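# Observations on the model geometry
Chain residues, written in single-letter form:
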Amino acid sequence: MSGDDTASVNTALLQMAAKIGGLESTVSTLLQTWQRMEEKASEGRKDLHQKVDALRAEMTTMGAQVATATKDIADMKPTVQAVQNVQVQAAGVRNVSRWLYWVAVGLSGGGVWVVSNFVDIHVKH
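Quick look at the structure, then. Just so it is clear, the structure is predicted and the values come from calculations on it, not from any experiment.

This next bit is on the overall build of the protein. For the protein, the helix and strand inventory stands at 1 helix and 0 strands. Since a compact globule built from 125 residues should have a radius of gyration of about 14 Å, the 52 Å found for the protein marks it as more spread out than a globular shape. With respect to the principal axes defined by its C-alpha atoms, the protein has extents near 175 × 25 × 20 Å. Considering the protein as a whole, with its 125 residues, one finds that 0% of them fall into the buried category.

Together, Val9, Leu13, Met16 and Ile20 make up a nonpolar patch on the protein surface, roughly 360 Å² of accessible area in all. Its place among the elements puts Leu13 in helix H1 (residues 3-118).

Here we take up the pattern of salt bridges. If you walk through the whole model with that rule in mind, you get 3 salt bridges. Arg56 serves as the salt-bridge partner of Asp53, at 3.4 Å between the closest nitrogen and oxygen. With a gap of 3 residues between them, Asp53 and Arg56 both fall in helix H1, about one helical turn apart. Looking at Asp53, the relative accessible area reads 44%, which means it is partly exposed. For Arg56, a relative accessible area of 51% puts it in the exposed group. Two residues, Lys71 and Asp75, come together in a salt bridge whose shortest N-O distance is 3.1 Å. Of the two residues, Lys71 and Asp75 are both situated in helix H1; the distance of 4 residues between them amounts to about one turn of the helix. Classification of Lys71 as exposed rests on a relative accessible area of 52%. Take Asp75: its relative accessible area is 47%, and that puts it in the partly exposed class.

Inspection of the secondary structure assignment puts His49 in helix H1. Note: C-alpha distance between His49 and Trp99 (50 residues apart in sequence) is 73 Å.

Cut-offs used in this document
- Residues numbered from 1 in each chain as written.
- Predicted model: local features only at pLDDT ≥ 70, side-chain atom pairs only at ≥ 80, totals over all residues.
- Heavy atoms only, no water.
- Helix = DSSP H or I, 4+ residues; strand = E, 2+ residues; numbered from the N terminus.
- Rg over C-alpha atoms; globule rule 2.2 N^0.38 Å.
- Buried < 20%, exposed > 50% of the residue type's maximum accessible area, 1.4 Å probe, protein only.
- Patch = residues over 30% accessible without salt bridge, like charges linked within 9 Å, V, L, I, M, F, W, Y side chains within 5 Å.
- Areas by Shrake-Rupley, 256 points an atom, 1.4 Å probe, with all protein chains shown as cover.
- Salt bridge = Lys/Arg side-chain N within 4 Å of Asp/Glu carboxyl O.

Here you go:
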């Protein structure tokens, strides 16, 4: 091989080594980027799982609260019905009392009229 041939082969080898070094650098950069993205994705999945677990805990708590409220309402139902019955009875008693009052007023007025018209009462002096 002549000196020119050796120089051109060396130049070609240097260019190839530079390109391989560039590829190696690019692959390294891509690998680092991929690792960072994987770490961020893992953190995101971890955060998502924590949020889902917190939501599940809240739903469990709310379920217990709803069950307790339902039981309390069921326990109060007979009392509410009893109060409603007493209110209806009180309204009936109030109406009957009004009628009795007016009947008594009418009878007493009628009694006074009967006494004043049919009984001759004289006061002696």
